[in-house]
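Geometric and topological summary
Here are the chains, one letter per residue:
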Amino acid sequence: MPQYNFFPKRDILFAPAGYKNLWGPQHQSVSQDQSLLTIWLDKSSGSGFKSNRPFRSGYFGVSLKLQKGYTAGVNTAFYLSNAEAHPGNHDEVDMEFLGTTPGKPYTLQTNVYVLGSGDGRIIGRELKFHLWFDPTDDFHHYAIFWSPNELIFFVDDVPIRRYPRKSPTTFPLRPMWVYGSIWDASPWATENGKYKADYRYQPFVARYTKFIIGGCSAYSPANCRPVPMSPSGSGGLSPQQMAAMQWAQRNYKVYDYCGDPTRDLSLTPECRL
């Protein structure tokens, strides 16, 4: 792939100490130097973690290494959410790594839920990708940029998706926390549920490191501004970044909800705006 060395430096680097266990404490460990968080799924439980603070904008990143072999049904995630603050009416921004069977690639699912569209009757806004590398061979960096005007998803500093704010009802505007988790999503994760989690291959392990947060917490002053996304410091993506995103989507995007003929696009009006 082309090399893009355009990314600005971030403001704050958090080790796992910036987070707390959310569930499955017996399925989570932190390295002695506090630089590596390992979580795993077996037949008894998965695990999850959550940032100590909520945020209203920012850049949220982590380096992640996934498990090789049979991982069908397993969902390894890094995401933003306010589900605990707004149960039944929450916002969420996802990067989910959907497990697979040997010989087939992982699927990275990006998704956006707004004002309860992830509660009850699910209305997702999924774009799915196969990556240009094997995410089980080494750590790679994944990130979400969130400003009042747009969401941008990054893989190794390459933007793969931009989701602009087109209306207040289709864009998350309330503070969210940063989460990570590993759990059994067998009913839908791998080829629409064709292949399930097989616990003969347990434990399913995910390793997270290089936690990065730069931006405005919910408690920051009103004049706090999101970090810039381009080297010039201006808002939005640079022309080089836009070209990188077009390259990623042209070569590695495998699903776009706006182009799915089975979807009722009246439920996702941003597809027509």
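Residues numbered from 1 in each chain as written. Predicted model: local features only at pLDDT ≥ 70, side-chain atom pairs only at ≥ 80, totals over all residues. Heavy atoms only, no water.

Remarks on the overall build of the protein
A tally of helices and strands in the protein yields 1 helix and 16 strands. A globule of 273 residues ought to have a C-alpha radius of gyration of about 19 Å, and the protein, at 18 Å, matches this closely. Each of the three principal axes of the protein carries a C-alpha extent, and together these read 50 × 50 × 40 Å. Within the protein, contacts between residues separated by at least 24 positions form 69% of all contacts whose residues are at least 6 apart in sequence. Within the structure as shown, the protein displays about 12,200 Å² of accessible surface, and the carbon and sulfur contribution to it stands at 52%. Charged side chains in the protein number 28 positive and 23 negative. The centres of these two groups are separated by 3 Å. (Helix = DSSP H or I, 4+ residues; strand = E, 2+ residues; numbered from the N terminus. Rg over C-alpha atoms; globule rule 2.2 N^0.38 Å. Contact = heavy atoms within 4.5 Å. Areas by Shrake-Rupley, 256 points an atom, 1.4 Å probe, with all protein chains shown as cover. Lys, Arg positive; Asp, Glu negative; His and termini not counted. Charge placed at Lys NZ, Arg CZ, Asp CG, Glu CD.)

Section: the side chain of Asp94
Here Asp94 lies in strand E8 (residues 92–98). No salt bridge forms around the buried Asp94; measuring N to O, its nearest opposite-charge neighbour Arg161 is 8.9 Å away. Sequence-distant contacts of Asp94, that is, excluding residues within four places in its chain, are made with Phe78, Tyr79, Gln109, Thr110, Asn111, Tyr113 and Phe153. (Buried < 20%, exposed > 50% of the residue type's maximum accessible area, 1.4 Å probe, protein only. Salt bridge = Lys/Arg side-chain N within 4 Å of Asp/Glu carboxyl O.)

Remarks on the sheet that holds strand E16 (residues 253–256)
The 8 strands are arranged E2-E5-E14-E7-E8-E9-E10-E16 in an open sheet whose pairing can be described as antiparallel. Of all strands in the sheet, those with a lone pairing partner are strand E2 (19–23) and E16, marking the two edges. Strand after strand, the sheet turns through a mean of 20 degrees between neighbouring axes, direction not considered. Summarising the sheet, strand E10 (residues 127–129) and E16 pair through 3 bridges and their orientation is antiparallel. Its bridge partner being in E16, Phe129 is matched across the sheet by Lys253. (Pairing = 2+ DSSP bridges. Axes fitted to C-alpha atoms, helices over the stretch in contact; angles between N-to-C directions.)

A closer look at the packing of aromatic side chains
Per the counting criterion, the structure on display carries 17 aromatic pairs. Consider the rings of Tyr79 and Tyr179, whose centres lie 5.0 Å apart with planes at 10 degrees: the pair is stacked. Placement of the pair is Tyr79 in strand E7 (residues 74–81) and Tyr179 in strand E14 (residues 177–184), with a sequence separation of 100 residues. For Lys128, the ring lying beneath its charged end belongs to Tyr255, and the centroid distance is 5.2 Å. (Phe/Tyr/Trp six-rings, centres within 6.5 Å; stacked < 30°, edge-to-face > 60°. Lys NZ or Arg CZ within 6 Å of the ring centre and 35° of its normal.)

What to know about empty space enclosed by the protein
Counted by the stated rule, this structure contains 1 cavity of 30 Å³ or more. Looking at the largest cavity, its volume works out to about 60 Å³. Lining the largest cavity, in full, are Leu66, Gln67, Thr71, Val74, Thr76, Gly99, Tyr106, Ile182, Phe204, Val205 and Ala206. Mapped by element, the contributors of at least two residues to the lining of the largest cavity are E7 and strand E15 (204–217). In terms of residue count, E15 provides more of the lining of the largest cavity than any other element does, 3 residues in total. Per-class residue counts for the lining of the largest cavity are 7 nonpolar, 4 polar and no charged. (1 Å grid on protein atoms, 1.4 Å probe; cavity = no way out; pocket = protein on both sides within 12 Å on 5 of 7 lines; lining within 4 Å. Points joined across faces, edges and corners; volume = space filled by probe spheres on them. Nonpolar A, V, L, I, M, F, W, Y, C, P; charged D, E, K, R; others polar.)

Observations regarding the UniProt feature "active site" (unreviewed entry) in the protein
With numbering aligned to this structure, UniProt lists the feature "active site" (unreviewed entry) at Glu92 and Glu96. Checked against the element boundaries, Glu92 lands in strand E8. Among the residues examined, Glu92 registers a relative accessible area of 14% and is labelled buried. What Glu92 contacts, discounting residues up to four positions off in sequence, is Tyr79, Leu80, Ser81, Asn111, Val112, Tyr113 and Met176. Engagement of the side chain of Glu92 in a polar contact is seen with the side chain of His90, the distance being 2.8 Å. Its place among the elements puts Glu96 in strand E8. (UniProt positions renumbered as here; feature names shortened; annotations may be inferred. Polar contact = N/O pair within 3.5 Å; in protein donor to acceptor, adjacent residues only side chain to side chain.)

Details of the layout of surface pockets
Taken as a whole, the largest pocket encloses approximately 300 Å³ of empty space. Around the largest pocket sit 16 residues that line it, and Thr107, His130, Ala189, Thr190 and Glu191 are the ones nearest its centre. The residue makeup of the lining of the largest pocket, split by class, is 7 nonpolar, 6 polar and 3 charged. Of the volumes computed, that of the second largest pocket is approximately 230 Å³. Lining of the second largest pocket is provided by 13 residues; of these, Arg162, Tyr163, Pro164, Tyr257 and Cys258 occupy positions nearest its centre. Elements represented by at least two residues in the lining of the second largest pocket include exactly strand E13 (158–164) and E16.

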